[in-house]
Structure formats: C-alpha cells, structure tokens
Amino acid sequence: MDVLTLIPGTATLHDLMRIYREGLAVQLDPSCHPAIQSAHAQIAAAAQGDAAVYGVNTGFGKLASVKIAARDTATLQRNLILSHCCGVGDAIPTRHARLMMALKLLSLGRGASGVRMEVVTLIEGMLARGVTPVIPAQGSVGASGDLAPLAHMAAVMMGAAEAEYDGKILTGAEALQQAGLEPVVLGAKEGLALINGTQFSTAFALAGLFDGWRAACSALVTSAMSTDAIMGSTAPLQPEIHALRGHAGQIDAATALRALLEGSVIRESHRDGDTRVQDPYCIRCQPQVTGAAMDMLRMAARTLEIEANAATDNPLVLSEAGLIVSGGNFHAEPVGFAADMIALALAEIGAIAQRRIALIVDPVLSHDLPPFLTPNPGLNSGFMIAEVTTAALMSENKHLANPCVTDSTPTSANQEDHVSMAAHGAVRLGRMVANLERILGVELLCAAQGIEFRAPLDTSQPLQAVIAQVRQLVPRLGDDRFMANDLEVAAGMIRDGGIVDGTRVAMPELST
C-alpha cells in the first residue's frame, strides 16, 4: 500500500482527495514528533498534580467537577470510550472511515492534544495494514466533537468494538492481532483527544465536496451536449459577458463550455436564419448557475482544508505558554456551514440540469426533436419517464438542501447547549451526490440521443468522443426497452469522471 507523508498544518485538498480516492496509507512527517512529545509531557505532569484539569483528572461534560485520582486515569479513559460507543445505523464506507482516521492523525500531529507517540503510530499502523474500524453513521450532533463515531474508532485501538480486516468483520482485538498490531492502553487525556474533534463530519463533507466537484465538471459536459442537441446558441458564452461580471466560477464555466462546443457543425448550421432570439435560461444561463455553484464549492473547500489541518479537541496544550486550556475547537460550526453550502450547490446543479432534460424531450421547445426522443412516438414513450425520474431526484435534493446547521438542540444536561449538526449535514451529501449523478446520467443519454437526431450534422470533436463512450455501454434508444440498467450505467459514467476525461478539455480546478 502506498504511503503519503503529511506535515500537520499543511495538508492540501489534493492530499486529502488522494487519501479518499486512492485509499493511501498516511504517516506524519517526523518533524512534528517533538511537538507531540512536548504536549504529552505537560499532560503527564498535570495528571500527577493536584490542580483540576478537564479531561485529565476530572470527569467529562456535566461531570467535569468530579475529581479523578491518578490511579484511575486508565480506567477513566477506557470508560469514556466505551460509554461513548453509542453510534447507530449502517456502517460508513471504508474510504470515509480511512479519511476520518487520516484527519485525526493530522489533528494530533499539531502537537496540542497531549497524546503519546504510541497513539499516533497505532493509527498509522492501522491505515498501513488495512484495519478499519466499523463506524455507525448516526449519533453525532457535531459538538462536542463527533463523539460517538470517533469513540468507535478509539475503541478498536483499545481492542474493543469491531473492525474490518482482510474483508472480514472482526472484534477490534482480533483485527489488531491479525494485522500484527498491539492495542493501546489509553493514558491521561488520550481518550478525550481521540473523540473530541470534527474528523467524522469533515471526512464526509470532504467526500461530498470531491464527488460533487466531479459531478459539477460532468455537468459542464452534459450541458454542452444539451446545448447542441436543442441547437442552442453559443453567443451567451462570449468571454466579455463573463468578464464584465467578474465571478471566477462563471468565467471558468463559460471557458470550458466554449472549448467543449468549439468546432460544432450543428452550431454553425443555425448561426444565420434562426428565428429564435434567445434560449431558455437553462441553456443561456449555464455559466451563471453552474459557475456560481462551483464558486460555492470552492468556498466550502477553503473552509474544509483549514479544518482538516486544525487541532480540534479539548482541552488544548499550549506548549510554549505552558498552559492546558479548555476551549471550543471541537464545535463543528464551520464544517456545518460548509456542508450546507455544498448541499445548495449540488441542488442547483441538478435543478438546472433537470430543466435541460425537460427541454430536450419537449417537442415544442427542443427545436424539432421528436417527442421524448423516440423515433416512433405514441407506440413508444422514449425518455418520458426517465425525465420524470429526474424531476423526483431534483425535488428530493431540494428538500435535502435545507440547512442543517441552524437546527441546534441542547444536549448533555444543557452543558453542550448549542451544537452544529454538521455530521448529518455532511452525511446527507452522499445521497445528494448520488441523486445528482443520476440526473446528469439521464441528461447524458438524452443529449447524446438528441445530437444523433441532428445527423448528418456533427457536434464538436470533444462531444463526439463522449457520445462514442456512451455508445460503448448504452445503445441508442429505438423501440422502448427496460431502461433502469441504462440509467445506472450512465450515472456510473458521471461518477467515475470518464466523460470529463474523454473530452480532453481543461476543466475548472477545485483549488484556485
């Protein structure tokens, strides 16, 4: 397994995307080890002292006023982890869990958590040898940290709970033993350092961001195809229009669309004599809508890149000042806002794509394409219900896009009286991306069919390459057939980014 070495505080979106997509193991650069060890020395001293230090020699949350004897330190931390293993629901995907673990490494590596190096090296070893804790998807409110899901990770490190190893679900102890790893007995504050933090929410938000960005780029391809299918105008892509407004996403989207449509014979065929003055907004305003969504994703990306490198547990060790201070970096409000922004972007990309599908199948608006893109309408229904399915998915995403971060509720006997709800705000992004991929998959099939009806006129070379890819997997629709499999294949083409790569057109970058 390839290993990525990271310097805490400097991990990039590209690094995090590689961990998510490629399943890389992660290790911390040794340059961060002295800071980790220095913070641990302060925690060890505090554990032997008389002064009450939260989470070191006290209870937790509402029980913070209860002093704990030094001899009970290990029991305190073990009880903390086991009592917080209250996650419910389906286990999260392996790559999300591994990204979460990598994010926890980055947080501990900042040298403000007070853990021993043994804790760090165990997480590194689990990533390297493929020991993945079974993490239930539900149970976090996003403050004080993602307590329940991270507790399931920490429990495996102690030899408890369950983990996946070599394709099997085992007890934590069995998984570690088979991987040649030793469980750790947690010392002062180490359990708290492992479960206080935003790594579950951040991992899911990053996953939604990465998959959502790939879908956004695919939407540029499918929208260019739809433009040619309905013989739309490229005049609204004139670069001066977008420069006059100045939004980077809009400029980038228009640039990509111009490149995708460059050389289209279909486009050239109706530059003169076309009685239509303007196209509907779903064609004419593609850069303004998809570009704005891309800007929204980029704003979320900046927040999540910062969060991925942050120390987010509590209390934090301020080594230079010689202080151990209680704060609130575990509160996932920034992640919650970012997840809501991503959700809005996904919903809007899908909303305008759905309108393009509706346009293509409507003979009144599609500029002489046959009804529902079938060569024999009436006897055949063509893409009629495929369009209805996209309307259902679009509407579902609109509901899912409602903000989660505003839905706070008090917990833990009102000690934790405002929470971020970042966890389910981030988790829902996976469902939204899947819906969007299916919407764009239907658009891909409709637009390909529409362009083929324009023969002998050809579309551009980049879009011809995409249609060739489609036809390798999904034949042109003649008489009606069972379509569900076709829709899933097309969604898969969106999901794997193949249609974007096939155009050989430069696409906007997530990091600017």
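Basis of the calculations
- Residues numbered from 1 in each chain as written.
- Predicted model: local features only at pLDDT ≥ 70, side-chain atom pairs only at ≥ 80, totals over all residues.
- Heavy atoms only, no water.
- Helix = DSSP H or I, 4+ residues; strand = E, 2+ residues; numbered from the N terminus.
- Rg over C-alpha atoms; globule rule 2.2 N^0.38 Å.
- Contact = heavy atoms within 4.5 Å.
- Areas by Shrake-Rupley, 256 points an atom, 1.4 Å probe, with all protein chains shown as cover.
- Lys, Arg positive; Asp, Glu negative; His and termini not counted.
- Charge placed at Lys NZ, Arg CZ, Asp CG, Glu CD.
- Buried < 20%, exposed > 50% of the residue type's maximum accessible area, 1.4 Å probe, protein only.
- Pairing = 2+ DSSP bridges.
- Right-handed = clockwise from strand over helix to strand, strands pointing away.
- Phe/Tyr/Trp six-rings, centres within 6.5 Å; stacked < 30°, edge-to-face > 60°.
- Lys NZ or Arg CZ within 6 Å of the ring centre and 35° of its normal.
- Salt bridge = Lys/Arg side-chain N within 4 Å of Asp/Glu carboxyl O.
- 1 Å grid on protein atoms, 1.4 Å probe; cavity = no way out; pocket = protein on both sides within 12 Å on 5 of 7 lines; lining within 4 Å.
- Points joined across faces, edges and corners; volume = space filled by probe spheres on them.
- Nonpolar A, V, L, I, M, F, W, Y, C, P; charged D, E, K, R; others polar.

## What about the overall build of the protein?
A tally of helices and strands in the protein yields 20 helices and 9 strands. A compact globule built from 512 residues would reach a C-alpha radius of gyration of about 24 Å, and the protein, at 26 Å, matches this within 12%. Across its three principal directions, the C-alpha atoms of the protein cover 90 × 50 × 40 Å. When contacts within the protein are restricted to residue pairs at least 6 apart in sequence, long-range pairs at least 24 apart make up 78% of them. A total of about 20200 Å² of accessible surface is found on the protein, and carbon and sulfur atoms cover 55% of it. If the 35 positive side-chain charges of the protein are averaged to one point and the 51 negative ones to another, these points end up 1 Å apart.

## Here we look at the pairing of strand β1 (residues 3-6)
Across the two faces of β1 the burial differs, with Leu 4 and Leu 6 buried and Val 3 and Thr 5 not buried at all. Both β1 and strand β2 (residues 25-28) contribute to a ladder of 4 bridges, which runs parallel. Directly across from Leu 6, in β2, lies its bridge partner Leu 28. Handedness of the β-α-β unit built from β1, helix α1 (residues 13-22) and β2 comes out right-handed.

## Some words on the packing of aromatic side chains
The tally for this structure, following the rule as stated, stands at 2 aromatic pairs. A cation sits over an aromatic face here: Arg 476 above Phe 453, 4.7 Å from the ring centre.

## Details of the pattern of salt bridges
By the definition in use, this model includes 17 salt bridges. Measuring nitrogen to oxygen at the nearest pair gives 2.9 Å for the salt bridge that ties Arg 271 to Glu 268. Judged by relative accessible area, which is 44%, Arg 271 ranks as partly exposed. Classification of Glu 268 by relative accessible area gives partly exposed; the value is 47%. Put simply, Glu 452 and Arg 471 hold a salt bridge, and the shortest N to O gap is 2.8 Å. Of this pair, Glu 452 sits in helix α17 (residues 422-452) while Arg 471 sits in helix α18 (residues 461-473), and the two are 19 residues apart along the sequence. Arg 471 sits in the partly exposed class, given a relative accessible area of 22%. What emerges from the salt-bridge pattern is a single network uniting Arg 21, Arg 95 and Asp 211.

## Describing the layout of surface pockets
It is a probe the size of a water molecule, rolled over the atoms, that shows where empty space is left. As a volume, the largest pocket reaches approximately 500 Å³. Together, 27 residues line the largest pocket, and Leu 80, His 84, Leu 147, Ser 412 and Glu 416 are the ones closest to its centre. Elements with a contribution of two residues or more to the lining of the largest pocket: α3 (73-84), α6 (147-157) and α8 (190-195). It is α3 that contributes the most residues to the lining of the largest pocket, 4 residues altogether. The residue inventory of the lining of the largest pocket, partitioned by class, reads 14 nonpolar, 11 polar and 2 charged. As a volume, the second largest pocket reaches approximately 420 Å³. If you go around the second largest pocket, you meet 18 residues; those closest to its centre are Met 17, Trp 213, Cys 217, Pro 508 and Glu 509. Secondary structure elements with two or more residues in the lining of the second largest pocket: α1, α9 (199-229) and α20 (498-503).

## Side note on the sheet that holds strand β7 (residues 168-171)
The strand order across the open sheet built from 3 strands is β4-β6-β7, with neighbouring strands paired in antiparallel fashion. Since the sheet does not close on itself, it has two edges, and those belong to β4 (132-133) and β7, each with one partner. Bridge count between β4 and strand β6 (residues 162-165): 2 bridges; the pairing is antiparallel. Each bridged residue has a counterpart across the sheet, and for Pro 133 the counterpart in β6 is Ala 163.

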